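# Breakdown of the fold
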Amino acid sequence: MRDSLSVEIVKTRQENPEVTTLYFARPFDFTAGQYISVFIPDSPVRTGKAYSLSSRPFDELASITVKNIGGEFSSYLCSRRVGDVIHISRAYGDFNPRTNRPLVGIVAGCGLGPIWSVMSDEGVTQDKTLYFSHKTPDYTVFDEELVRSDITVRHFSTQQHVEGVEGWSSGRFNVDTIAREVAGNAHFLVCGSVSFVRDVWQKLTANGVGVERISTETFFES
Ligand SMILES: Cc1cc2nc3c(=O)[nH]c(=O)nc-3n(C[C@H](O)[C@H](O)[C@H](O)COP(=O)(O)OP(=O)(O)OC[C@H]3O[C@@H](n4cnc5c(N)ncnc54)[C@H](O)[C@@H]3O)c2cc1C
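This one's a predicted model, so the numbers in the text were calculated from it and none came from an experiment. Counting of residues starts from 1 at the beginning of each chain's written sequence and follows it residue by residue. Only residues with pLDDT of at least 70 get local features here, since the model is predicted, and only at 80 or more are side-chain atom pairs given and counted; chain-wide, interface and lining totals rely on the full set of residues.

### A few points about the site of the ligand
In this analysis, residues qualify as near a molecule or strand once their C-beta atom, positioned from backbone atoms, comes within 6 Å of it. The environment of the ligand is formed by 22 residues, the closest being A50, G71, F73, S74 and F220. Here a strand is any run of E in DSSP of at least two residues, a helix any run of H or I of at least four, and the numbering for each starts at the N terminus. Put simply, the parts of the chain that give the shell around the ligand at least two residues each are β4 (49–52), β5 (61–67) and α1 (72–78). In terms of residue class, the shell around the ligand is made up of ten nonpolar, seven polar and five charged. There are two domains that each give the shell around the ligand at least three residues, and those are domain 1 (5–88) and domain 2 (103–218). All residues other than Ala, Val, Leu, Ile, Met, Phe, Trp, Tyr, Cys, Pro, Asp, Glu, Lys and Arg, Gly among them, are scored as polar; the first ten of these are nonpolar and the last four charged. Domain ranges listed in this record stem from an automatic or a database domain assignment.

### Details of the nonpolar core
What makes a nonpolar core is a set of buried Ala, Val, Leu, Ile, Met, Phe, Trp, Tyr and Cys residues, with links drawn between C-beta atoms within 7 Å. Think of it as a crowd count around each C-beta: if 20 or more other C-beta atoms lie within 10 Å the residue is buried, if 12 or fewer it is exposed, and in between it is partly exposed, with C-beta placed from the backbone throughout. Core analysis: the biggest nonpolar cluster contains 52 residues, and I106, V107, L112, I115 and F188 have the highest contact counts within it. Shared between two domains, this core takes at least three residues from each, and those domains are domain 1 (5–88) and domain 2 (103–218). A pair of residues counts as a contact when their C-beta atoms, built from backbone coordinates, are within 7 Å of each other. Those residues in contact with L112 that sit more than four places away from it in its chain are V107, F132, V141 and F142.

### Section: the pairing of strand β7 (residues 103–108)
Regular strands show a simple pattern: their side chains alternate between the two faces of the sheet. Among the six residues in β7, six count as buried, and that is most of the element. Across the two faces of β7 the burial is the same, with L103, G105 and V107 and V104, I106 and A108 all buried. Crossover handedness for the path β7 to helix α2 (residues 112–119) to strand β8 (residues 128–134): right-handed. With the strands aimed away from the viewer, a crossover counts as right-handed if its path from the first strand over the helix to the second runs clockwise.

### Things to note about the sheet that holds strand β2 (residues 19–25)
In sheet architecture, strand pairing relies on hydrogen bonds along the backbone and comes in two forms, parallel and antiparallel. Taking strand neighbours across the sheet as the criterion, the six strands line up as β4-β3-β6-β1-β2-β5 in an open arrangement whose pairing is antiparallel. Each edge of the sheet is formed by a strand with only one pairing partner; in this case those strands are β4 and β5. Across the sheet, the mean angle from the axis of one strand to that of its neighbour is 45°, orientation sign disregarded. If DSSP finds at least two bridges between two strands, the strands pair. Sheet analysis places strand β3 (residues 35–39) next to strand β6 (residues 85–88), joined by two bridges and oriented antiparallel. Of the residues in β6, the one forming a bridge with F39 is H87. For helices, the fitted line uses only the C-alpha atoms of the stretch in contact; every axis is such a line through C-alpha atoms, and the angle between N-to-C directions lies from 0 to 180 degrees.

### Some thoughts on α2
For the α-helix, the turn length of 3.6 residues means that residues three or four positions removed from each other point alike. The element α2 is largely enclosed, with a buried count of eight among its eight residues. Within α2, the full set of buried residues consists of L112, G113, P114, I115, W116, S117, V118 and M119.

### Points about unusual backbone geometry
Here the phi dihedral of D42 falls at roughly 65°; this positive angle occurs in a residue that is not glycine. With respect to the helices, strands and loops of the structure, D42 is situated in the loop between β3 and β4. Among the residues examined, D42 registers 7 C-beta atoms within 10 Å and is labelled exposed. For R98, which is not a glycine, the phi torsion comes out positive at approximately 45°. Relative to the assigned elements, R98 resides in the loop between β6 and β7.

### Some details on the domain arrangement of the protein
Many authors give the size of an interface as the accessible area that is lost as the parts come together. According to the domain assignment, the protein consists of domain 1 (5–88) and domain 2 (103–218). The partner domain 2 presents 15 residues to the 15 residues of domain 1 that form the contact. Top contributing element to the side of domain 1 that touches domain 2 by residue count: β5, with three residues. A class-by-class count of the residues in the side of domain 1 that touches domain 2 yields six nonpolar, six polar and three charged.

Here you go:
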C-alpha cells in the first residue's frame, strides 16, 4: 500500500455475468496496454494484484475490467460500488508494440482490456482484426465499443452454437487458420491465461510468425 494512490469509483458496468468494469478519474498518464496494481487494505497479499487498464490514454475516465473468479481480489473488485475508494499503483508494462503493421488480436474474455486499449488508441489507423473467444454471446465484453470501432471482429462462441449469427462462429478459433488468413506482416497481440497464451504463441511461431511480431500479456495460471 506504500505510495499507492486512492481513486474513487465513479461508474461501474456489468459487462456480463462474470465481468465488471470499474471506472475512475484518470490519476496519471499511461501508455495503452499497461496495467496497474490494486491493493486491498489489510490483505495478506501486500504487493497487490495486477489489472490491465481497459481504457485508452486519452479517455477522461480510466478503467479496469475484472472477471470475478471468486478469489480475494476479483471478488473485492467486482463488489465495489460508485463512491467506493480503491488503492492503486501507477501504470507499468510494455505490451504495446508501437508498430504501423496491421494488428491482429487473439483473446478470450476480459483479456480484451489491454488489446482494446492498444488497438483503439489515438493514431492507430492501420488494419485491425480481433479474434475474440467467449463462452456464449452473453459473455462478450465491450460489445458496443467494438461495434462502433474500426476493428474487424470475429467472435467465437465456445459453449453455444451460433450458426447464422453474423460475425459469429461456433467453437474455438484455429490459430493455424488465423496465421494463414491475416496479412503476412501483421503484428499479433495475445492476452489470456498462461496456457492460452502459450498455446497461441507456439502455434503462431510454428506457422512462421517471428517472435518479434508477437506481443503477449498473461493474466493467470490455468
Ligand atoms: C499483468 C497482469 C494483468 C492482469 N489483468 C487482469 C485484468 O485486466 N482483469 C482480470 O480479471 N484479471 C487480471 N489479471 C489477473 C489478476 O491479477 C488476478 O490474478 C485475478 O483477479 C485473480 O485474483 P483473485 O485474488 O481473485 O484469485 P486467486 O485466489 O489469485 O485465484 C484463484 C485461482 O483462479 C485462477 N484464476 C485467476 N484469475 C483467473 C481468471 N481470470 N479466470 C479463471 N481463473 C483464474 C488462479 O490461477 C487460481 O488458481 C492480471 C494479471 C496480470 C499478471
